Amino acid sequence: MAELVLKRLTAQDGREIYDMLQEIPAEEQGFQMSAHGMRYDEYQAWLAAQERNAAQTGLVDGWKVPQTMYWLYADGEPVGVVKLRHFLTDALRDAGGHIGYAIRPTARGRGYGTAICRLALREAFALGIESVLITVQSDNEASKAVCRRNGGHEAPERLGHCYFWFTEDGR
């Protein structure tokens, strides 16, 4: 198995992250990647904005929650991105949850989804989030399997989404 490391986004992240983000679709299975399609100079400004967002404590612009982004590296190469939202709004309880992640298409099918979810859950618990929600589109069998492998407790499906709850003690 590859050596896996989760690294927090910084404004200094360079070309290897940019290239990965261009490979991840702008929208796929509910995951939004706003950096997809940006020029490199736009990406650099986007990184700085994401770093500032992670330091916020309340709602940003009246609706956005603070979130911290991380990159999953496998043997020194970036293979995935995860967004960890610090708290939820009603809209995020319906779709979005605390954690959203994507694996670059060229790295899929190697267990990185399960790994990035597990590592993001650790970060969520370290932030003090006691009950972590991941929402998955009902037709996304791969992400549902990732949540189950990580011990998620499935709540009833609604609004075209499955809801998985995680606690540090697994209850």
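Things to note about helix H5 (residues 141-149)
Residues lying three or four places apart along an α-helix face the same way, a consequence of the helix completing one turn every 3.6 residues.
Here comes step 1: Inspection of H5 places Ser143, Lys144, Val146 and Cys147 among the buried residues, and these make up the whole buried set. Looking down the long axis of H5, one finds its buried residues gathered within 155° of arc, a one-sided arrangement. Turned more than 90 degrees away from the buried face of H5, the exposed residues are Ala142 and Arg149.
Here comes step 2: On its buried side, H5 packs onto strand E6 (99-103), helix H4 (112-126), strand E7 (131-137) and strand E9 (161-167).
Here comes step 3: Gly151, located one to two residues past H5, shows a positive phi value of around 85°.

Considering the layout of surface pockets
Here comes step 1: Size it by volume and the largest pocket reaches roughly 1,200 Å³.
Here comes step 2: Taken together, 47 residues make up the lining of the largest pocket; nearest its centre are Gly30, Phe31, Gln32, Gly100 and Tyr101.
Here comes step 3: For the lining of the largest pocket, the secondary-structure elements that each account for two or more residues are strand E3 (31-32), helix H2 (40-55), strand E5 (77-85), helix H3 (90-94), E6, H4, E7 and H5.
Here comes step 4: By residue class, the composition of the lining of the largest pocket is 19 nonpolar, 20 polar and 8 charged.

What about helix H1 (residues 15-23)?
Here comes step 1: Among all positions of H1, only Ile17, Tyr18, Met20 and Leu21 are buried. End-on view of H1: buried residues confined to an arc of 165°, all on one side of the axis.
Here comes step 2: Elements in contact with the buried residues of H1: H2, strand E4 (67-74) and E5.

The rules behind each value
Residues numbered from 1 in each chain as written. Predicted model: local features only at pLDDT ≥ 70, side-chain atom pairs only at ≥ 80, totals over all residues. Heavy atoms only, no water. Buried < 20%, exposed > 50% of the residue type's maximum accessible area, 1.4 Å probe, protein only. Helix = DSSP H or I, 4+ residues; strand = E, 2+ residues; numbered from the N terminus. Arc of directions from axis to C-beta. Contact = heavy atoms within 4.5 Å. 1 Å grid on protein atoms, 1.4 Å probe; cavity = no way out; pocket = protein on both sides within 12 Å on 5 of 7 lines; lining within 4 Å. Points joined across faces, edges and corners; volume = space filled by probe spheres on them. Nonpolar A, V, L, I, M, F, W, Y, C, P; charged D, E, K, R; others polar.

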